[in-house]
Amino acid sequence: MSEHNGTTTADPSPKSNDNSQLSETSLLEVDSLQKSFGGIRAVDDVSFEIRSGSIVGLIGPNGAGKSTTFDLITGVASPDAGSVYFQGRNITGRQPYRNVNQGLVRTFQLSRELDEMTVIENLILAPQDQTGEYFWQPVLPGTRKRVRSEERDLRERVWETLEFFELDHLADEYARNLSGGQRKLLELARALLTDPDILLLDEPLVGVNPTLERKLLGRIHDLNDRGYTFLLIEHDVDVIMENCERVIVMNQGQILADGSPAEVSDDQRVLEAYLGETV
Ligand code: ADP
Ligand code: MG
């Protein structure tokens with residue numbers, strides 16, 4: 001059960017300061033993660049931690065193991081070895097839906113199924129645990145009223161989110177009719193409606209035109225100002241260097257460098273890893 005959804009009436013809202021007791025520790029920590037596919041060590045002894053309130057970039061050449069690292073963190077895949085801690089709790093291999101309920105969220109690619117729904121239907125469906133929670137609850141006096149007020153809160157949050165992403169004029173459009181960039185915004189909006197603490201975004205800018213790209217990055221910074229934490233995979237190294245306070249570089253399943261944009265871009269091993277790639 002979500003511990004925080006019930007208290008949020010409007011989204012995107014400032015994150016409450018209730019993880020102040022975590023300020024000395026990390027929001028997310030991965031320790032010696034390993035995952036092989038056949039003979040390939042996709043993730044080979046990866047460790048890092050993410051502090052609450054940061055925007056951290058994860059970069060590296062194609063095949064470096066970035067997406068697999070996200071899979072291991074979010075429970076899409078289980079590591080062969082190593083651990084994932086979220087808010088101090090060991091969540092290694094925990095099911096993705098449970099992680100979503102607890103505030104660890106990765107952007108959802110819009111599936112074909114979701115394509116057949118309108119933008120607003122997609123968003124109302126996003127925080128599924130809210131309706132699901134009440135659906136399974138025994139019907140007690142007052143429950144129906146609570147469901148109705150929950151639904152009203154959800155509709156308000158959905159409209160605020162639509163406006164925040166400037167998607168409100170597309171509310172009744174089928175998701176399949178959106179441009180690539182608009183779909184990215186919708187994906188981010190859906191993720192946001194689950195009221196996450198940390199958002200893991202895997203190449204959110206692919207297929208996004210420069211205007212929308214600026215807008216999406218602006219939204220990420222706005223949300224970060226409100227207390228949301230981001231871990232961002234992005235192919236365009238310049239985007240990462242300009243928008244992240246810290247950059248983790250992976251290559252061949254391992255972490256090559258981890259530091260400020262300036263530190264990382266001065267690192268000879270990073271430059272070498274990118275040789276042969278057009279950067
Ligand atoms: P990145 O996201 O950095 O481009 P990936 O994490 O997608 O890299 O992939 C890392 C390595 O693991 C690559 O060699 C890729 O081919 C391999 N890999 C990823 N997922 C699978 C899978 N499901 N089955 C087999 N190999 C995989
Ligand atoms: Mg990838």
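Residues numbered from 1 in each chain as written. Chains lettered and ligands numbered in written order. Predicted model: local features only at pLDDT ≥ 70, side-chain atom pairs only at ≥ 80, totals over all residues. Heavy atoms only, no water.

Asker: Account for the overall build of the chain, naming residues and giving values.
Answerer: Within the chain one finds 11 helices and 10 strands. Expressed as a percentage of its 279 residues, the buried residues of the chain come to 53%. In the structure as shown, the chain presents an accessible area of about 13600 Å², 47% of it carried by carbon and sulfur atoms. (Helix = DSSP H or I, 4+ residues; strand = E, 2+ residues; numbered from the N terminus. Buried < 20%, exposed > 50% of the residue type's maximum accessible area, 1.4 Å probe, protein only. Areas by Shrake-Rupley, 256 points an atom, 1.4 Å probe, with all protein chains shown as cover.)

Asker: Quick one: what's the story with the nonpolar core, residue by residue and with numbers?
Answerer: Formed by 50 residues in total, the largest nonpolar core has its most connected members in I59, L162, F165, L199, F230 and V249. Element by element, the count of residues in this core is highest for helix α7 (residues 180-193), at 7 residues. Discounting residues that sit within four places of it in the chain, F230 has contacts with S54, I55, V56, I198, L199, L201, I220, L223 and N224. F48, V56, I91 and I248 belong to the second-largest nonpolar core, a separate cluster that totals 25 residues. (Core = buried A, V, L, I, M, F, W, Y, C linked by side-chain atoms within 4.5 Å. Contact = heavy atoms within 4.5 Å.)

Asker: Go over the environment of V239 with me, naming the residues and quoting the values.
Answerer: Along the polypeptide, V239 turns up in helix α9 (residues 237-243). Along the backbone, V239 and L217 are 22 residues apart, and their C-alpha atoms lie at a distance of 8.9 Å. Filtering out sequence-adjacent residues up to four positions away, V239 remains in contact with L205, E213, L217 and E234.

Asker: Can you tell me about the pattern of salt bridges, naming the residues and giving the values?
Answerer: Once their charged atoms are close, side chains differing in charge can pair, the charge on each being opposite to the other. Evaluation of the coordinates by the stated rule reveals 10 salt bridges. Linking R41 and D44 is a salt bridge whose minimum nitrogen-to-oxygen distance equals 3.3 Å. Judged by its relative accessible area of 52%, R41 is exposed. Residue D44 is classed as buried on the basis of its relative accessible area, which comes to 11%. The closest approach of N and O atoms between R246 and D258, which form a salt bridge, is 2.8 Å. Residue R246 is found in strand β9 (residues 246-251), and its partner D258 is found in strand β10 (residues 254-259); the two are separated by 12 residues along the sequence. For R246, a relative accessible area of 19% gives the class buried. Accessibility expressed as a relative area gives 38% for D258, which makes it partly exposed. Among the charged side chains, a network of salt bridges with common partners joins E166, K215, R219 and D222. (Salt bridge = Lys/Arg side-chain N within 4 Å of Asp/Glu carboxyl O.)

Asker: Provide a residue-level description of the sheet that holds strand β7 (residues 198-202), including the pertinent values.
Answerer: To summarise the sheet geometry, strands pair through backbone hydrogen bonds and adopt either a parallel or an antiparallel arrangement. Spatial strand order, β6-β7-β8-β3-β9-β10: 6 strands in an open sheet with mixed pairing. Edge positions in the sheet fall to β6 (104-106) and β10, since each has one partner strand and no second. Shown here is a sheet whose adjacent strand axes are inclined to one another by a mean of 15°, direction ignored. In this sheet, β10 lies alongside β9 in antiparallel orientation, the contact comprising 5 bridges. (Pairing = 2+ DSSP bridges. Axes fitted to C-alpha atoms, helices over the stretch in contact; angles between N-to-C directions.)

Asker: So what's going on with the sheet that holds strand β5 (residues 89-90)? Residues and values would help.
Answerer: Taking strand neighbours across the sheet as the criterion, the 4 strands line up as β2-β1-β4-β5 in an open arrangement whose pairing is antiparallel. Each edge of the open sheet is held by one strand with a lone partner, namely β2 (40-50) and β5.

Asker: Pulling in residues and values, what's your account of helix α1 (residues 66-74)?
Answerer: Every α-helix carries 3.6 residues per turn, so stepping three or four residues along brings you back to the same face. Summarising burial for α1: 8 of the 9 residues are buried, a large majority. Buried residues of α1: K66, T68, T69, F70, D71, L72, I73 and T74, and no others. With its phi angle positive at about 85°, G75 sits one or two positions after the end of α1.

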